[in-house]
Amino acid sequence: MVTSGWRIYNASPIFEFKFPKMLTIGGWLGGALQWHFAAMWLLAINGLIYLLVNIISGRMWSKFLPIRPKQLLADFRDALMLKLDHSNLQNYNAVQKSAYLSAMLFIIVTVLSGLAIWKSVQFPLLRELMGGYDNARIVHFFAMSLIVAFVFVHVVMVTLVPETLVAMIGSFKRNKTAGAKS
Ligand code: HEM
């Protein structure tokens, strides 16, 4: 979605710059729009299922909430000093909780602003909530930028604590006492 979006952007840039062509897909505006609209269904359907399952099962509350400001500050400080506790990867620290919730929010905003520019006539309320068509494009662009920033930071963090990659894919549990004689 990002790389096809960048190709769409290049056809009519909002700002002074363009994205390098080699970072884009679709070849031209029409091709990029087709990629964008094909992938959008994958994202929207997956996202909807993810949100529904998390809300209905209560996982949203048990995994991501509550976030206490004091804890967030303390964990943020530890994260900067690379001192976060990774003994149980199933429990998210406050920085993770807020980062994941923010990523969900950025994706929701991207989808809603995307809908406002794609079907701006059919969704007038959504378009006006975004501040009109032109503004919806800017909202879409900045929400995309936040997602890209999240992915970048996320990948950097994963390289610092590689076990998290396994935890993300499977139900791997690293236990502090694992390996100890019992
Ligand atoms: C349901 C989801 C989405 C829909 C319906 C949608 C729709 C659209 C449409 C119609 C455009 C063309 C705007 C124009 O003609 O100026 C566009 C552009 C773009 N989209 Fe999406 N989009 C969606 C999700 C995403 C996502 C998830 C990303 C990236 C994370 C993204 C990134 C972009 C970018 C960078 C552009 C170019 C910005 C511009 O120049 O307006 N889109 N999108």
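Residues numbered from 1 in each chain as written. Predicted model: local features only at pLDDT ≥ 70, side-chain atom pairs only at ≥ 80, totals over all residues. Heavy atoms only, no water.

Caption draft 1: Representation of the overall build of the protein within the structure. Within the protein one finds eight helices and zero strands. Reading the secondary structure of the protein in the N-to-C direction produces α-α-α-α-α-α-α-α. Along the longest, intermediate and shortest principal axes, the C-alpha atoms of the protein span 65 × 35 × 30 Å. Residues counted as buried form 26% of the 182 residues belonging to the protein. Counting only contacts in the protein whose residues sit at least 6 apart along the sequence, the fraction spanning at least 24 positions is 55%. (Helix = DSSP H or I, 4+ residues; strand = E, 2+ residues; numbered from the N terminus. Buried < 20%, exposed > 50% of the residue type's maximum accessible area, 1.4 Å probe, protein only. Contact = heavy atoms within 4.5 Å.)

Caption draft 2: Structural context of the site of the ligand. Around the ligand sit 21 residues in total, of which Gly-5, His-36, Thr-110, Arg-137 and His-140 are the nearest. Within the side chain of His-36, a nitrogen or oxygen atom sits 2.8 Å from a nitrogen atom of the ligand. Within the side chain of Arg-137, an N or O atom sits 2.6 Å from an oxygen atom of the ligand. At the level of elements, α1 (2-11), α2 (29-57), α5 (94-118) and α7 (133-160) are the ones that each hand at least two residues to the shell around the ligand. (Near = heavy atom within 4 Å. Polar contact = N/O pair within 3.5 Å; in protein donor to acceptor, adjacent residues only side chain to side chain.)

Caption draft 3: A look at the packing of aromatic side chains. The full count for this structure, using the stated rule, is 17 aromatic pairs. Considering the side-chain rings of Phe-15 and Phe-17, the 6.2 Å spacing of their centres and the 5° angle between planes classify their relative orientation as stacked. What makes Phe-15 partly exposed here is its relative accessible area of 31%. A network of ring pairs unites the aromatic residues Trp-6, Tyr-9, Phe-15, Phe-17, Phe-19, Phe-141 and Phe-142 as a single cluster. Over the aromatic face of Tyr-92 sits the side chain of Lys-63, whose NZ or CZ is 4.7 Å from the ring centroid. The ring of Trp-118 is capped by Lys-119, whose NZ or CZ atom sits 4.8 Å from the centre of that ring. (Phe/Tyr/Trp six-rings, centres within 6.5 Å; stacked < 30°, edge-to-face > 60°. Lys NZ or Arg CZ within 6 Å of the ring centre and 35° of its normal.)

Caption draft 4: Region of the structure containing α2. Between its first and last C-alpha atoms α2 spans 41 Å; for 29 residues at 1.5 Å apiece the expected length is 42 Å, and the two agree. The secondary structure elements touched by the buried residues of α2 are α1, α3 (59-64), α5 and α7. Among the residues trailing α2, Gly-58 stands out with phi positive, at a value near 85°. (Expected span 1.5 Å × (residues − 1).)

Caption draft 5: Summary view of a nonpolar patch on the surface. Taken together, the side chains of Leu-82, Phe-152, Val-153, Val-156, Met-157 and Leu-160 make up a nonpolar region of the molecular surface, amounting to roughly 600 Å² of accessible area. Tracing the sequence through the fold places Met-157 in helix α7. A relative accessible area of 38% means that Met-157 is categorised as partly exposed. (Patch = residues over 30% accessible without salt bridge, like charges linked within 9 Å, V, L, I, M, F, W, Y side chains within 5 Å. Areas by Shrake-Rupley, 256 points an atom, 1.4 Å probe, with all protein chains shown as cover. Salt bridge = Lys/Arg side-chain N within 4 Å of Asp/Glu carboxyl O.)

Caption draft 6: Region of interest: the domain arrangement of the protein. Domain assignment breaks the protein into domain 1 (1-55) and domain 2 (58-182). On a C-alpha basis, the centroid separation for the pair domain 1 and domain 2 is 19 Å. Across the contact, 17 residues belong to domain 1 and 17 residues belong to domain 2. A combined buried area of about 1,400 Å² lies between domain 1 and domain 2, and 75% of that area is made up of carbon and sulfur atoms. When residues of domain 1 are sorted by the area they lose upon contact with domain 2, Ile-14, Asn-54 and Ile-55 head the list and together hold 33% of the total. Applying the counting rule to domain 1 against domain 2 returns zero salt bridges. (Domains from an automatic or database assignment. Buried area = accessible area lost by both parts, 1.4 Å probe.)

Caption draft 7: Quick look at the packing of α1 against α2. Put simply, α1 and α2 touch, their axes get as near as 8 Å, and they point 145° apart. Seen along the crossing, α1 lies across α2 with a hand that is left-handed. Between α1 and α2, the contacting residues are Ser-4, Gly-5, Arg-7, Ile-8 and Ala-11 on the first element and Leu-29, Ala-32, Leu-33, Trp-35 and His-36 on the second. (Axes fitted to C-alpha atoms, helices over the stretch in contact; angles between N-to-C directions. Left-handed = near helix turned anticlockwise from the far one by under 90°.)

Caption draft 8: Fine view of the confidence of the model for the protein. Per-residue pLDDT for the protein averages 90, and the proportion of residues at 70 or more is 93%. Across the protein, the secondary-structure element scoring lowest on mean pLDDT is helix α8 (residues 163-169), at 78, and the one scoring highest is α1, at 98. Here residues 174-182 is modelled with pLDDT under 50, and outside its nearest four sequence neighbours on either side it reaches seven contacts, counting other chains as well. (pLDDT = per-residue confidence, 0-100.)

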